[in-house]
Amino acid sequence: MRLENLNFHHLRYFWRVAKLGHLTRAAEELHTSQSAVSAQIRQLEKHLNEDLFLREGRRLTLTDTGQLVFTYADQIFGLSREMLGRLEGRSAGVTRLRVGSVATLSRNYQENWIRPMLTDPSVSLTLESGLLEGLLERLLQHQLDVVLANETVPSAPERSLHCRFLGSQVVSVVGPAQRWEALSLRIPQDLEGVDMAVPGPRHALRMQFDALCISNDVRPRIRAEVDDMAMLRLIARDSGWLTVLPEVVVQDELRDGALVVTGQTSELMESFYAITTPHHHYDELLDRLLAGGPRSS
């Protein structure tokens, strides 16, 4: 089959059915009939001289060839989305940058990272927050340009990703200044029985902290487990407990003297990563951010 004979209209219909896993839903999305969608797919199969689906009643299952074609179609239409997203606003002289950030990442860190763009009138930012897997799916579909995370992700043949290290910082134990200012604690030895707020179980820091306490036979009194760093910041400020978190989360409270660092250990570290797709067509804007180095304060 020659490239000029490939009908991308047929390919799009196939892609939506394979993506949604349902002929009726695909027809509804495409604003056409099921029979029209089926006819388009049959024409594509005829041109390729290969079956793309196994048909068992109303159930459609991708064949091996169908899975291969779907992988390429996903990239083709994903890049089309990226192209449209990149072009949107160009006529007005605006460059769009779409940034995803995992919910457990400090919003202060995210703001520090994008700060060079905040005074650039030619930049339009889209900022999203969510679970890592959901953000990676949107990245692979070219609906995001970069995902900021505090953990690495493995690359795989079916999910090729680039993970760039941005920097790391020591994680601190902080507390209200009026109660803890004169104290310097050994971490974790002096945390036995102490009221504490800590990151939630899904956070990489929590695993580090738990392992450190277990290895030293220390049992702090966990009063709150918080995934969202913005909420953990409020609890650190208002609860009176000690809190385990990166200093960037409470940089304003530390600078103003409302909170103080009561202890640190090099065994508690948070790292930051920028995740992109290898086929992403970087623009100068994203290149500058990726090359800018750590911004932890």
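Summarised in this report is the structure supplied together with it. (Residues numbered from 1 in each chain as written. Predicted model: local features only at pLDDT ≥ 70, side-chain atom pairs only at ≥ 80, totals over all residues. Heavy atoms only, no water.)

Given 3.6 residues per helical turn, the α-helix brings residues three or four places apart onto the same face. Over its 12 residues, helix α8 (residues 204-215) extends 17 Å from the first C-alpha to the last, a length consistent with the 16 Å expected when each residue adds 1.5 Å. Taken as a whole, α8 has its buried residues at Leu205, Arg206, Phe209, Leu212 and Cys213. When α8 is viewed along its axis, its buried side chains cluster within an angular range of 130° and face the same direction. In α8, the exposed positions angled more than 90 degrees off the buried face are occupied by Met207, Ile214 and Ser215. On its buried side, α8 packs onto β6 (162-176), β7 (195-199), β8 (221-226), β9 (242-246) and β10 (259-276). Positive phi shows up at Asp217, right after α8, with a value of about 55°. (Helix = DSSP H or I, 4+ residues; strand = E, 2+ residues; numbered from the N terminus. Expected span 1.5 Å × (residues − 1). Buried < 20%, exposed > 50% of the residue type's maximum accessible area, 1.4 Å probe, protein only. Arc of directions from axis to C-beta. Contact = heavy atoms within 4.5 Å.)

It is worth spelling out unusual backbone geometry at this point. In this structure, the amide linkage connecting Ile187 to the following residue, Pro188, adopts the cis form with an omega of 10°. Relative to the helices and strands, Pro188 resides in the loop between α7 (177-180) and β7. In this structure, Asn49 takes a positive phi of about 60° despite not being glycine. Relative to the elements of secondary structure, Asn49 occurs in the loop between α3 (34-48) and β1 (53-56). Residue Asn49 is classed as exposed on the basis of its relative accessible area, which comes to 66%.

Inspection of every chain in the model, using the stated rule, returns 17 salt bridges. For Glu225, the salt bridge is made with Arg206, and the minimal N-O distance between the two is 2.8 Å. Linking Glu225 in strand β8 with Arg206 in helix α8, this pair joins segments that are 19 residues apart in sequence. By relative accessible area, Arg206 is classed as buried at 9%. Across the pair Arg233 and Asp252 runs a salt bridge whose closest N-O atoms are separated by 3.9 Å. Taken together, the residues Arg233 in helix α9 (residues 229-238) and Asp252 in helix α10 (residues 251-256) connect sequence positions 19 residues apart. (Salt bridge = Lys/Arg side-chain N within 4 Å of Asp/Glu carboxyl O.)

Read these as layout, nothing more, since geometry by itself doesn't imply function.
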